[in-house]
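# Reading the structure
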Amino acid sequence: MAAPESEELVIEKLYEYGERLSESKDKTQNESDYMGIIAVAKGSSKAKQLSAQLIPRYFKFFPNYSSQAINAQLDLCEEDELGIRVQAIRGLPLLCKDTPVHLPKIADVLGQLLLAEEGLERDAVQKALMSVLRQDTKASLTALFKHIENSDENIRERVLIFVREKVFPLKHELLHPQEDMERHITDLIKKSLQDVTGAEFKMFMDFLKSLSLFGEKAPPERVQELLEIVEGQADLDAQFNIEDTDHIDRLMSCLNMALPFYARGASNSKFFNYINKHLLPVFDKLPEEKRVDLLKNLAEGSPYTSAQDARSLLPSVVALIKKYIPRKKTSDEINFNYAECLLYAFHQLAYKAPNTTNSLCGYRIVTGQPSDRLGEDFTELYKDFIERLTLVEDQAKATNKKLAQGMSEHNKAMAAAKDDAAKADVKVKKQSTSSGLQTCNNILALAQPLHAKAPTFFGEKKPFSLSWAKSQAAQALNATGSKRPAASVSNGAASGGGKKAKGGDTSAQNSLVNKALASLSRSGSRGGQGRSRGSRGWRRRRHWAA
C-alpha cells in the first residue's frame, strides 16, 4: 500500500493544478487538473483553503463535474475551521455566476447558512447572498421566500431578518424591471402570509405599501388587493368564537390596518358586515380594551360605508347607544369613549341612509321612498332618543367643568414645578385633561344637532376631529410607532358627575378631575403593535403572541 503523500507535496500539486488551469487557453482540456483540485478538498487545512478558492474559479469550464464540485464546496462550508468556511462561502456566488441553473440551489444554501453565529462568517454569507441577488433577483428571492414559507423556525427567522434589513431597503436597485419584479415579490409575500406573526405581517404590509405598484397613483383594484390581503389575515370567513382571543386580537389589528385603504377607495363592506353579524351582537362579552378598539375602528371606518351597509349597521349602532347611554340617570356612569365613537358612527351612517333613522329614533326625514315610513307613529322612540342625548350632554357638561378646573390646577402646578421631572409629570396630566375636554366637547357637538325632528347629519365632507386623532398625531411626532394613543390616564369607570371639591383642597380637586377623566381613558389604548401580548404578535395557525 502506497504511503500517503505529505502535505507539502499535496499543496505543491494544488499549485500546479491551478497554474496549468490559469495558463491553459482551452481549460476544458484540463479535466484531470480540476478533478485533482476537487479530490484534495478533503485533505489538510491548507489544502481545503486552496481548494475553496480554486473550485469556484474554474467551475464554469467543467459542467460535467458540476455536481462533484458543488458538493465539495458545500462540504467546505461545513468545516470546523472558520477560515475554511468563510473562504468556501465567499466562493459560492461564482458557482452560479456563469451557470445560472445552479443559482436557486446556491441561494437556498446561503439562506440556511444565515444561521452562522460567527460575525465574520455571517458577514460572508450576507455578502454572498447580496451577490447572488444581484445576479438574478427573481430566482434568489424565490429561493429565500421558500424558507419563509416553510422552513426550520430558526432559518426562517434569520431569512426574515435578512430580507427586512438587506433586501427591502434596496428595492429600487434590485426590483427591475420594476412592475414585473414588484408583482413577483408581492406574490411571494402573499404565499408567505399563511403563517406569520403580527409584527411580520405589519412588516410585509408596510413594504407592499411602499411599492410603486400600490403607491398613491395605484388604481382602485390594487388598493382593493391590499385590503383583501388584510381581510384574508383577519379570517373573515371563519366562524366567530367569542372565546378565541387570538382571533379577536387579529381582527382588531387587521381592522385598524385596513382603515387607510378605505380612504383610498377600497370597500369596507366585508369587514363591517362581519363586525355587524358577529361582534356587535356580543359586544358586551368582548374584553374591555377590545370594545374601545372596535368602536374607534367602527367610527373611523364609518365615513366610507356604502348606503346599503349603513342601513344594516344603523340598528346595531342605535342598540349600543341605548345600551350605554341610559334614558334616565342611574348609578351606572356613562363611558364617554363609547359615547363619542357611537354618536360619530351614527352621524356618518345616518348621513348615508337618513330615513333608516325614522323607525329607529323617531325622526321624520323625507326622501320620498316607502322606507320613510311616515305614516307610522314613532313618537315614543323620538322621546326616548332625545332623553338619552340630553342625559349624555348634561354629564359631558358637568365633566367639562371639572376638567376645566383641573386644567387650571395643572397650569398652577406647571408654574410651580421645580425641575424637569416635575414639569414632565404635569405635562402628561395636562395632555390627559386636554384629551378629556375634547372628548366631552365632541360629544356635545355630535349630540346637539340630533335633537331636531329631521336633523342634518355630519357626513364625510364635514371636518371633524375625533379626540384620539390629536393624541395620535402627537405620538407620531414622538416616534412611538403607535397608530393610536395609549390611555391618557388611569383606567376607571365612566363619570359625568360626582361631589364637588371643597374649597381649595387640591387633593380633593385632583380626585374629582381623575374621576371625571376616568370615563375618557378606560381601555383607551390603541397602539399599532401594542395590542399584541408579546414581542412576536400572532401566527395565523398559532397564537397572536408567540
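These figures come from a predicted structure and were not determined experimentally. Counting restarts for each chain, with residues numbered from 1 along the sequence as it is written. The predicted nature of this model means local features are confined to residues of pLDDT at least 70 and side-chain atom pairs, given and counted, to a pLDDT of 80 or more, with totals for whole chains, interfaces and linings taken over all residues. With hydrogens and water excluded, all non-hydrogen atoms of the structure serve as input to the side-chain values.

## Some thoughts on the nonpolar core
The following threshold applies: Nine residue types can take part in a nonpolar core, namely buried Ala, Val, Leu, Ile, Met, Phe, Trp, Tyr and Cys, and a core is a set of them joined through side-chain atoms within 4.5 Å. Note on classification: 1.4 Å probe, protein chains only; a residue is buried when its accessible area is under 20% of the maximum for its type, exposed when over 50%, partly exposed between these limits. Counting from the N terminus, the helices are DSSP H or I runs at least four residues long and the strands are E runs at least two residues long. Contacts: residue pairs with any heavy atoms within 4.5 Å of one another.
Ranked by internal contacts, the top residues of the largest apolar core, which has 155 residues, are Leu110, Phe204, Phe271 and Phe346. At eleven residues, the largest contribution of residues to this core is made by helix 19 (residues 336-352). Excluding residues that lie within four positions of it along the chain, Leu110 makes contacts with Ile89, Leu92, Val125, Ala128, Leu129 and Val132.

## Details of the confidence of the model for the protein
Using the following cut-off: Every residue gets a pLDDT, meaning the predictor's confidence in that residue, from 0 to 100.
In this model, the protein carries an average pLDDT of 86, and 85% of its residues clear a pLDDT of 70 or more. A low-confidence stretch, residues 473-513 (pLDDT under 50), is modelled with 90 contacts involving residues beyond four sequence positions or located in other chains. Segment residues 539-546: pLDDT under 50, and 42 contacts once partners within four positions in sequence are set aside and those in other chains are kept.

## Overview of the side chain of Arg291
Filter applied, for reference: Two N or O atoms form a polar contact when they lie within 3.5 Å of each other; inside protein one atom must be a possible hydrogen donor and the other a possible acceptor, and for residues adjacent in sequence the pair counts only when both atoms belong to side chains.
Tracing the chain through its elements places Arg291 in helix 17 (residues 288-301). By relative accessible area, which is 16% here, Arg291 ends up buried. One polar contact links the side chain of Arg291 to the main-chain carbonyl oxygen of Phe283, over a distance of 3.5 Å. Setting aside its immediate chain neighbours within four residues, Arg291 contacts Phe283, Asp284, Leu286, Tyr324 and Tyr338.

## Considering helix 9 (residues 137-149)
Short version of the rule: Any helix carries an expected span of 1.5 Å times its number of residues minus one.
Its 13 residues place the ends of helix 9 18 Å apart at the C-alpha level, agreeing with the 18 Å of an ideal helix rising 1.5 Å per residue. Taken residue by residue, helix 9 has Thr137, Ala139, Ser140, Leu141, Ala143, Leu144, Phe145, His147 and Ile148 as its buried positions. Those residues of helix 9 that are buried lie in contact with helix 7 (103-113), helix 8 (119-135), helix 10 (153-167), helix 11 (171-174), helix 12 (178-192) and helix 13 (198-210). Looking at where helix 9 begins, the residue whose side-chain oxygen comes 3.3 Å from the main-chain nitrogen of Lys138 is Asp136.

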